[in-house]
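Each chain is listed here by its residues.
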Amino acid sequence: WRVRRAAVQGLATGGDEHAVDALVAAVRDRHRDPAVLNAAISAIARTEQDVAPQLVRLLETESSDADVRTYAALALGLLEDRRAVQALVRALEDPDANVRYHVIEALGRIGARETATVLAAIAETRDFSVAFAALDALALIGEPSVAPRIVPLLDDPLLQVAAAEALGRLGAEDATGALATVLGRQGVPVASFAGALASLEDRP
């Protein structure tokens, strides 16, 4: 493992396209080896080379393994490269739920405000496999205009905690009343709702 770590560190600091090719090849061809995959993704996140275009190609290759597309989305999120936003939005239609989940997470990491309405629509589906990730992404993006679309999710027992925390992070003042109303109901996770209200009150 020490040799592998040293090799990956060398690739991360490599100054030519061959280093990038090797890292992308590791994600594409060695992704079933957890040690190699983790090392490659870690190096991709640290490299100073322009690796995003190759990762986008991996993400958009429909014939590729779904796991490859998943790890490409993960790596693009770690890079926080805004050039990947359009490709990630297209990948929200990927047939594999795990790919979509990591695409949503990547958009949240990048902080792509222009995707807030799309992510809100995903949250509104109440499909737990992706709605929870969409709420987390919206909290990271911080676009308050979508807050009214999140408020109805406070009534969903599976999503209400994530919805409350997202509203607290978004800082939408008109969400205060909805949070307070739901907080008074029996069985509601008090700590999460109280924390969201406190976050709203602490905002200037």
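Residues numbered from 1 in each chain as written. Predicted model: local features only at pLDDT ≥ 70, side-chain atom pairs only at ≥ 80, totals over all residues. Heavy atoms only, no water.

A look at the pattern of salt bridges
Note the following rule: Salt bridge, as used here: a side-chain nitrogen of Lys or Arg that lies within 4 Å of a carboxyl oxygen of Asp or Glu. For each residue, the accessible area found with a 1.4 Å probe, counting protein chains only, is set against the maximum for its type, and the residue is called buried under 20%, exposed over 50%, and partly exposed in between. What counts as a helix is a DSSP run of H or I of at least four residues, what counts as a strand is a run of E of at least two, and both are numbered from the N terminus.
Per the stated rule, a full pass over the model turns up twelve salt bridges. Two residues, arginine 30 and aspartate 33, come together in a salt bridge whose shortest N-O distance is 3.6 Å. Residue class for arginine 30 comes out partly exposed when judged on its relative accessible area of 42%. On the basis of relative accessibility, which here comes to 26%, the residue aspartate 33 falls in the partly exposed class. Between glutamate 60 and arginine 90 there is a salt bridge, and its shortest N-O distance comes to 2.4 Å. Highlighted residues: glutamate 60 in helix H4 (residues 52-60) and arginine 90 in helix H6 (residues 85-90), separated in sequence by 30 residues. Sharing partners across several salt bridges, the network here consists of Arg32, Asp65 and Asp67.

Notes on the nonpolar core
Stated formally: Throughout this description, the term nonpolar core refers to a set of buried Ala, Val, Leu, Ile, Met, Phe, Trp, Tyr and Cys residues connected via side-chain atoms within 4.5 Å. Note on definitions: a residue-residue contact is assigned when non-hydrogen atoms from the two residues lie within 4.5 Å.
Counting 65 residues, the largest nonpolar core has Leu59, Leu88, Val103, Ile104 and Ile150 as the members making the most contacts within it. No other element matches helix H9 (residues 128-141), which puts nine residues into this core. Leave out the neighbours within four places in its chain, and leucine 59 touches Arg69, Ala72, Ala73, Leu76, Ala87, Leu88, Ala91, Val99 and Val103.

Let's talk about the packing of H4 against helix H5 (residues 66-79)
Condition: Angles here are taken between N-to-C directions and fall from 0 to 180 degrees, while the axes themselves are lines fitted to C-alpha atoms, restricted in helices to the stretch in contact. Roughly parallel refers to an angle under 35 degrees, roughly antiparallel to one over 145, roughly perpendicular to one between 65 and 115, and oblique to any angle outside these ranges. Left-handed is the label given to a crossing in which the near helix is rotated counterclockwise from the far helix by less than a right angle, and right-handed is the label when the rotation is clockwise. Lys, Arg, Asp and Glu make up the charged group, whereas Ala, Val, Leu, Ile, Met, Phe, Trp, Tyr, Cys and Pro make up the nonpolar group; the residues left over, Gly among them, are polar.
Relative to each other, H4 and H5 sit at 150°, their axes nearing to 8 Å. With respect to each other, H4 and H5 are oriented roughly antiparallel. Seen from above, H4 lies across H5 with left-handed handedness. Facing Ala52, Leu55, Val56, Leu58 and Leu59 of H4, the residues of H5 in contact are Val68, Arg69, Ala72, Ala73, Ala75, Leu76 and Leu79. Tallied by class, the residues present in the contact of H4 with H5 amount to eleven nonpolar, no polar and one charged.

Regarding the packing of H9 against helix H11 (residues 160-170)
In the contact formed by H9 and H11, the axes pass within 8 Å of each other and the chain directions differ by 15°. When the axes of H9 and H11 are compared, the pair comes out roughly parallel. The chirality of how H9 crosses H11 is left-handed. Along its contact with H9, which presents Phe132, Leu135, Leu138, Ala139 and Leu140, the element H11 presents Ala162, Ala163, Ala166, Arg169 and Leu170. For the contact of H9 with H11, the per-class residue count stands at nine nonpolar, no polar and one charged.

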